[in-house]
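Fold and geometry: a report
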Amino acid sequence: IYNCITGISTGNDGKYLSTEKTDKHDIPFYKNPASRKFYMEPDGYLWSKYIEESQKVSNFIVRNEPLLKKSGLTCSSMGVEFGACRLPSEGLFGVNPSIICGDDDIWWMLSYINSNLVQYIIRGILRRSNMVTSGYVSRVPLLDLTEPSKTKLSRMSKKAYSIANEGGNVGSVMGRINSLIYNEAGLKSRGEASFINNFCSNVVEKS
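Description of the structure in this document. For clarity, every value in this text was computed on a predicted model and none was experimentally measured.

For any two helices packed against each other, one specifies the crossing angle of their axes together with the interaxial distance. With their axes 9 Å apart at the nearest point, helix H4 (residues 116-126) and helix H8 (residues 190-201) run at an angle of 65° to one another. With respect to H8, the axis of H4 lies roughly perpendicular. Crossing hand, H4 versus H8: left-handed. Two secondary-structure elements touch here, H4 through Asn116, Leu117, Gln119, Tyr120, Arg123 and Gly124 and H8 through Phe195, Ile196, Asn197, Phe199 and Cys200. Of the residues assigned to the contact of H4 with H8, the class counts are six nonpolar, four polar and one charged.

Turning next to the side chain of Ser77. Residue placement: Ser77 occurs in the loop between strand S7 (72-75) and strand S8 (84-87). Among all residues touching Ser77, those that are not within four sequence positions of it are Lys31, Asn32, Asn96, Pro97, Asn130, Met131 and Val132.

Below, the discussion takes up the sheet that holds strand S4 (residues 25-30). Taken in spatial order, the four strands line up as S3-S5-S4-S9 in an open sheet, and their pairing is mixed. Either end of the sheet is taken by a strand with one partner, and the two such strands are strand S3 (17-18) and strand S9 (92-93). Relative to strand S5 (residues 44-47), S3 runs antiparallel, the two being bridged by two bridges. Each bridged residue has a counterpart across the sheet, and for Leu17 the counterpart in S5 is Leu46.

Analysis parameters
- Residues numbered from 1 in each chain as written.
- Predicted model: local features only at pLDDT ≥ 70, side-chain atom pairs only at ≥ 80, totals over all residues.
- Heavy atoms only, no water.
- Axes fitted to C-alpha atoms, helices over the stretch in contact; angles between N-to-C directions.
- Helix = DSSP H or I, 4+ residues; strand = E, 2+ residues; numbered from the N terminus.
- Parallel < 35°, antiparallel > 145°, perpendicular 65-115°, else oblique.
- Left-handed = near helix turned anticlockwise from the far one by under 90°.
- Contact = heavy atoms within 4.5 Å.
- Nonpolar A, V, L, I, M, F, W, Y, C, P; charged D, E, K, R; others polar.
- Pairing = 2+ DSSP bridges.

Rendered as structure tokens:
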């Protein structure tokens, strides 16, 4: 339903990425949200002439060029906990999985991808290691969510984004997101939800 892709391998981050925005390095670059959810600062700023460089340097690889600089979600590629943050349209990303979707779908999708259910699917079922590729994220089933549920998830996601942007804890919002997702997925028993929540609280031990 949505493109789930990887982006750019510079081959030499020290050369092509700057920790601060400059006249030459002005493109926000996202590499790996890891445990960060909803909002993250760029991991650096990419050299503006990245296309020209990829045409000259063999290990500077630009993948999926037609889909770059489009809005969506950028997801974890490494680390114990899986998370996703909003990808602004002016941003680019590395080999970490990124989901390209329109503004109408970004917010509820951000809630869903950050839910415990999706973390359990990725860490407990699809991939039992600390490396997550776009191929695995693309296999996550998409629930047939009702429009009222999408509206609620979008509202909660925007709240979590605002909290994360200010450096706060999104735990209380995540609790409400998880409850709604479990209900939409038909996981109505406390035992099923508790099993998934317990797994997500102890990913290293359980996976």
